There are 2 protein chains.
Amino acid sequence: MTRPRPRALSIAGSDPSGGAGIQADLKTFSALGVYGMTAITAITVQNTKGVSGIEAVSPAVVAAQIEAVASDIGVDAAKTGMLANAGIVKAVADAVRQARIGNLVVDPVSVSKHGHLLLERDALDGLRSQILPLALLVTPNLPEAEALCGLTVRTRDDMRRAAEAILALGATAVLVKGGHLAGGTAADLLVDPDGEEWLEAERIETPHTHGTGCTLSAAIAAHLAMGEDLRTSVRAGKRFVTGAIAHALAIGKGIGPVDQLWMSAMPDLR
Amino acid sequence: MTRPRPRALSIAGSDPSGGAGIQADLKTFSALGVYGMTAITAITVQNTKGVSGIEAVSPAVVAAQIEAVASDIGVDAAKTGMLANAGIVKAVADAVRQARIGNLVVDPVSVSKHGHLLLERDALDGLRSQILPLALLVTPNLPEAEALCGLTVRTRDDMRRAAEAILALGATAVLVKGGHLAGGTAADLLVDPDGEEWLEAERIETPHTHGTGCTLSAAIAAHLAMGEDLRTSVRAGKRFVTGAIAHALAIGKGIGPVDQLWMSAMPDLR
């Protein structure tokens, strides 16, 4: 008895250097045996040293990509990443609602690792009011949590307060990522309708963390697409990204990418 | 002793449905253990039923993507797919030349499986005069070979004549794909500086062939990136795509995609 290939959709920007964006998402989906699809929101020009250009896709074409794959192939789970501007935020919200995509993971990307703005400032309101209510899960890091809820988030108690404030915006669950916390562990706080759970992993000392957030949210979406429940998917996603960071690639002259292929049997190809 | 991960670049269009374009290329690179990068030339709106929209990326941004990854990460091999229009053809030629990408596989995509134009008619001259002289290998199917050399190509003898005419345009080698020939085998003709070689594979009866050409050229580029010679890479690429067609996915309501993940150990995920 064979079961059909799970199908996952990434709604995000393109990173030509292959470490983040829809490229990281497709690599993650494939590594986990999931059929990957995309709705590209923006073409960025970037490498390990930073972002040097952004060409946004027109909102109508972003929506049309979602509609084309949802109506024909079907979407078991989706994730959003870089949404670029307010027009795209609205187009994505409308298209996701129309396609009735229930398993939606929202990575509220706003700024790149090098400090480049990936979401125009006037689009934050739309992300909050139109996208978050559609989310099964939102996955902010500490600066993104601060931007979403308007609170300062520096401690574990702050993370709890931020999680409650973000859930009040309409998301079903939230994973506040504590990677920017001081201390030796990377502690993330998951709050869902069943309560709270702290996910701890040893902090890996590496400068090469490009694509971490994309890879985590894609891995969670992949596990949701397989039919796993939210908590199982979040734990599996965290394990996947922890391995990808541990095997990060020292390529390029700046912040190298995490390795989505780390689980594949390629010992001589590192 | 570990060797560095080979790095391959796809210069092509985006297929949201994930079966062709840069999506097929990234899946192929990953399946073969190669680090995948992209320079996106156009956002198409398509699914298994056809192409319903195209938004071309500006030529300067296409060139900037190539420059960003070549100057920082490096490119062991590249492939071109959909180049959309004359402005992009020129920008790609200039950027590839400047980046000194030697291992270039050119898939001269012009029309989709459903008959949609993926290269504007006035761009064919540029493909011929600016891109082909940079190619280590060109991989036309029969209609593409006809368009490139202006001859009718229906038989094996025609394929030989077409190959010579295409080599005269400046490519180092050419693989004329006979998948559209009548008969029980899929015979491709490789002509390189060492002479000619016919590659035969049993024809697989399936309606699901979306992404065949993208997957073949990406697999050849992946093997070139690993340091293999041209003939070895072409044979390996042909084996890879034959397996991908044999395991094609019956998803969507039209022409389903070939499966780039066919070699992965996922017997229950078909």
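Relevant structure appears above.
## Re the overall build of chain A
Point 1. Within chain A one finds eight helices and nine strands.
Point 2. In terms of overall dimensions, chain A is globule-like: its C-alpha atoms have a radius of gyration of 17 Å, near the 18 Å expected for 270 residues.
Point 3. In chain A, which comprises 270 residues, the share counted as buried stands at 61%.
Point 4. Taken as a whole, chain A presents about 9600 Å² of accessible surface, with 53% of it coming from carbon and sulfur.
Point 5. The distance from the centre of the 24 positive side-chain charges to the centre of the 28 negative ones in chain A is 2 Å.

## Quick notes on the interface of chain A and chain B
Point 1. Contact residues are listed per partner, giving 55 residues for chain A and 55 residues for chain B.
Point 2. Of the roughly 4500 Å² buried between chain A and chain B on both sides combined, carbon and sulfur atoms contribute 56%.
Point 3. Between Arg 5 of chain B and Asp 259 of chain A there is a salt bridge whose closest N-O contact spans 2.6 Å.
Point 4. Going through the elements one at a time, helix H1 (21–31), strand E2 (35–47), strand E3 (50–56) and helix H2 (59–72) of chain A are the ones with two or more residues in the side of chain A that touches chain B.
Point 5. Looking at the side of chain A that touches chain B, its residues break down into 25 nonpolar, 19 polar and eleven charged.

## Side note on helix H2 (residues 59–72) of chain B
Point 1. Spanning 14 residues, H2 of chain B covers 20 Å between terminal C-alpha atoms, matching the ideal 20 Å at 1.5 Å per step.
Point 2. Restricting attention to buried positions, one finds in H2 of chain B the residues Val 61, Val 62, Gln 65, Ile 66, Ala 68, Val 69 and Asp 72 of chain B. Looking straight down H2 of chain B, one finds that the buried residues subtend no more than 165° of arc, so they occupy a single side.
Point 3. In this fold, the buried residues of H2 of chain B make contact with E2 and E3 of chain A together with strand E1 (7–14), strand E2 (35–47) and helix H3 (86–98) of chain B.
Point 4. Gly 74 of chain B sits one or two residues past H2 of chain B and shows a positive phi near 95°.

## Focus: the relation of the copies chain A and chain B
Point 1. For the match of chain A to chain B, the screw axis carries a shift of 0.0 Å, the RMSD comes to 0.0 Å, and the turn is 180°. The operation mapping one copy onto its partner corresponds to a two-fold rotation axis. Among all C-alpha atoms of chain A, that of Lys 27 of chain A lies closest to the rotation axis, at 3.4 Å.
Point 2. A symmetric contact is evident, with 100% of the interface residues of chain A recurring at the interface of chain B.

## Describing the nonpolar core
If you look at soluble globular proteins, the nonpolar side chains tend to sit buried side by side.
Point 1. Judged by nonpolar contacts, the single largest core of 125 residues is most densely connected at Leu 9 of chain A together with Leu 9 of chain B.
Point 2. Sequence-distant contacts of Leu 9 of chain A, defined by excluding residues within four places in its chain, comprise Phe 29, Met 37, Thr 38, Ala 39, Ile 66, Val 69, Val 75, Ala 77, Ala 78, Lys 79 and Ile 101 of chain A.

## Quick word on the sheet that holds strand E4 (residues 77–80) of chain B
Residue and element names in this part refer to chain B.
Point 1. One open sheet holds the nine strands; their spatial order is E3-E2-E1-E4-E5-E6-E7-E8-E9, and the pairing between them is mixed. Strands at the two margins of the open sheet, each flanked by one partner only, are strand E3 (50–56) and strand E9 (195–202).
Point 2. Examined bridge by bridge, E1 and E4 share four bridges and lie parallel to one another. Looking at E4, one finds that Leu 9 is bridged to Ala 78.

## A look at helix H3 (residues 86–98) of chain A
Residues and elements named next belong to chain A.
Point 1. Given a rise of 1.5 Å per residue, 13 residues ought to cover 18 Å, and the 18 Å separating the end C-alpha atoms of H3 matches this to within 8%.
Point 2. Regarding H3, the residues found buried are Ile 88, Val 89, Ala 91, Val 92, Ala 93, Ala 95 and Val 96.
Point 3. The N-cap of H3, judged by a side-chain oxygen 3.1 Å from the amide nitrogen of Gly 87 a few residues on, is Asn 85.
Point 4. Immediately beyond the C-terminal end of H3, within one or two residues, lies Arg 100, with a positive phi of roughly 50°.

## Quick word on the pairing of E4 of chain B
Point 1. Judged by which residues are buried, E4 of chain B turns out to be covered on both faces: Ala 77 and Lys 79 of chain B on one side and Ala 78 and Thr 80 of chain B on the other are all buried.
Point 2. Regarding topology, H3 of chain B serves as the crossover connection from E4 of chain B to the parallel strand E5 (residues 104–106) of chain B, and that connection is right-handed.

## Re the packing of helix H5 (residues 142–149) of chain B against helix H6 (residues 156–167) of chain B
Residue and element names in this part refer to chain B.
Point 1. Taken N-terminus to C-terminus, the directions of H5 and H6 make an angle of 50°; their axes are 9 Å apart at the nearest point. In terms of orientation, H5 lies oblique with respect to H6. In the packing of H5 onto H6, the handedness of the crossing is left-handed. Across the interface between the two elements, Leu 142, Ala 145, Leu 148 and Cys 149 of H5 pack against Met 159, Ala 162, Ala 165 and Ile 166 of H6.
Point 2. Within the contact of H5 with H6, the residues separate by chemical class into eight nonpolar, no polar and no charged.

## Points about unusual backbone geometry
Point 1. Despite not being glycine, Arg 100 of chain A shows a phi value in the positive range, around 50°.
Point 2. Residue position: Arg 100 of chain A is located in the loop between H3 and strand E5 (104–106).
Point 3. Residue classification places Arg 100 of chain A among the exposed positions, given a relative accessible area of 75%.
Point 4. At Ala 84 of chain B, a residue that is not glycine, the phi angle is positive and equals roughly 70°.
Point 5. Locating Ala 84 of chain B in the fold gives a position in the loop between E4 and H3.

## Re the packing of aromatic side chains
Point 1. In total, this model carries two aromatic pairs over all chains according to the counting rule given.
Point 2. Look at Phe 240 of chain A and Trp 262 of chain A: their rings are 6.1 Å apart centre to centre, the planes differ by 50°, and that puts the pair in the tilted class. Of this pair, Phe 240 of chain A sits in helix H8 (residues 230–246) while Trp 262 of chain A sits in the segment after H8, and the two are 22 residues apart along the sequence.
Point 3. Take Phe 240 of chain A: its relative accessible area is 3%, and that puts it in the buried class.
Point 4. The exposure class assigned to Trp 262 of chain A is partly exposed, which follows from its relative accessible area of 22%.
Point 5. In this structure, Arg 156 of chain B packs its charged tip against the face of Trp 198 of chain B, placed 4.8 Å from the ring centre.

## Observations concerning the environment of Glu 67 of chain A
Residues and elements named next belong to chain A.
Point 1. Within the secondary structure, Glu 67 is located in helix H2.
Point 2. Of the residues examined, Glu 67 reaches a relative accessible area of 49% and is grouped as partly exposed.
Point 3. Linking Glu 67 and Ala 163, residues 96 residues apart in sequence, is a C-alpha distance of 31 Å.

## Concerning the environment of Ile 245 of chain A
Residue and element names in this part refer to chain A.
Point 1. The topology assignment puts Ile 245 in helix H8.
Point 2. Sequence separation between Ile 245 and Ile 204 is 41 residues; the distance between their C-alpha atoms is 7.2 Å.
Point 3. Once residues within four sequence positions are removed from consideration, Ile 245 is found in contact with Ile 204, Thr 206, Thr 212 and Val 258.

## As for the side chain of Arg 5 of chain B
Point 1. Mapped onto the elements, Arg 5 of chain B comes out in the segment before E1.
Point 2. For Arg 5 of chain B, the side chain forms a polar contact with the side chain of Asp 259 of chain A, separated by 2.6 Å.

Criteria and cut-off values
Throughout, residues of each chain are indexed from 1 in the direction in which the sequence is written. To label them, take the chains in the order written and letter them from A, then take the ligands in the order written and number them from 1. The model is predicted, so local features are restricted to residues of pLDDT at least 70 and side-chain atom pairs to those at 80 or more, both for listing and for counting; the totals for chains, interfaces and linings are taken over all residues. Side-chain descriptors were evaluated using all non-hydrogen atoms of the structure, hydrogens and water having been removed beforehand. Helix numbering and strand numbering both begin at the N terminus, where a helix is a DSSP run of H or I of at least 4 residues and a strand a DSSP run of E of at least 2. The globule rule used for comparison is 2.2 Å times the number of residues to the exponent 0.38, while the radius of gyration itself is calculated over C-alpha atoms. Remark: exposure states derive from per-residue accessible area (1.4 Å probe, protein chains only) relative to the maximum for the residue type, with buried under 20%, exposed over 50%, and partly exposed in between. Computed with the Shrake-Rupley method and a 1.4 Å probe, the accessible areas treat only the protein chains shown as cover for residues. Neither His nor the chain termini are counted; the positive set is Lys and Arg, and the negative set is Asp and Glu. For the purpose of locating charges, the reference atoms are NZ of Lys, CZ of Arg, CG of Asp and CD of Glu. Working rule for contacts: check all heavy atoms of both residues, and any pair within 4.5 Å makes them a contact. We define buried area as the total accessible area lost by two parts upon association, computed with a 1.4 Å probe and summed across both. In the sections that follow, a salt bridge refers to a side-chain nitrogen of Lys or Arg positioned within 4 Å of a carboxyl oxygen of Asp or Glu. Polar here means any residue outside two lists: the nonpolar Ala, Val, Leu, Ile, Met, Phe, Trp, Tyr, Cys and Pro, and the charged Asp, Glu, Lys and Arg; Gly therefore counts as polar. Given a helix with a known number of residues, its expected span is that number minus one, times 1.5 Å. Starting at the helix axis, one direction is taken to each C-beta atom, and the arc is that of these directions. Copy-to-copy alignment: least squares on C-alpha atoms, limited to residues at pLDDT 70 or above in both. For the purposes of this section, nonpolar cores are sets of buried Ala, Val, Leu, Ile, Met, Phe, Trp, Tyr and Cys residues that join through side-chain atoms within 4.5 Å. At least two bridges found by DSSP between two strands are what make those strands a pair. Identification of polar contacts relies on pairs of N or O atoms within 3.5 Å, with a donor-acceptor requirement for protein atoms, meaning one able to donate a hydrogen and the other able to accept it, and with residues adjacent in sequence counted only if both atoms are side-chain atoms. With the strands aimed away from the viewer, a crossover counts as right-handed if its path from the first strand over the helix to the second runs clockwise. To get an axis, fit a line to the C-alpha atoms, keeping to the stretch in contact for a helix; angles then go from 0 to 180 degrees between the N-to-C directions. When describing relative orientation, an angle under 35 degrees is termed roughly parallel and one over 145 degrees roughly antiparallel, while 65 to 115 degrees is termed roughly perpendicular and anything else oblique. The hand of a helix crossing depends on one turn: near helix anticlockwise from the far one by less than a right angle means left-handed, and clockwise means right-handed. Any two of the Phe, Tyr and Trp rings considered here, Trp counted by its six-membered ring, make a pair once their centres fall within 6.5 Å; the pair's planes then place it as stacked at under 30 degrees, edge-to-face at over 60, or tilted in between. Note on geometry: a ring has a charge over it if NZ (lysine) or CZ (arginine) is within 6 Å of the ring centre and within 35 degrees of the ring normal.

These figures capture arrangement, not role.
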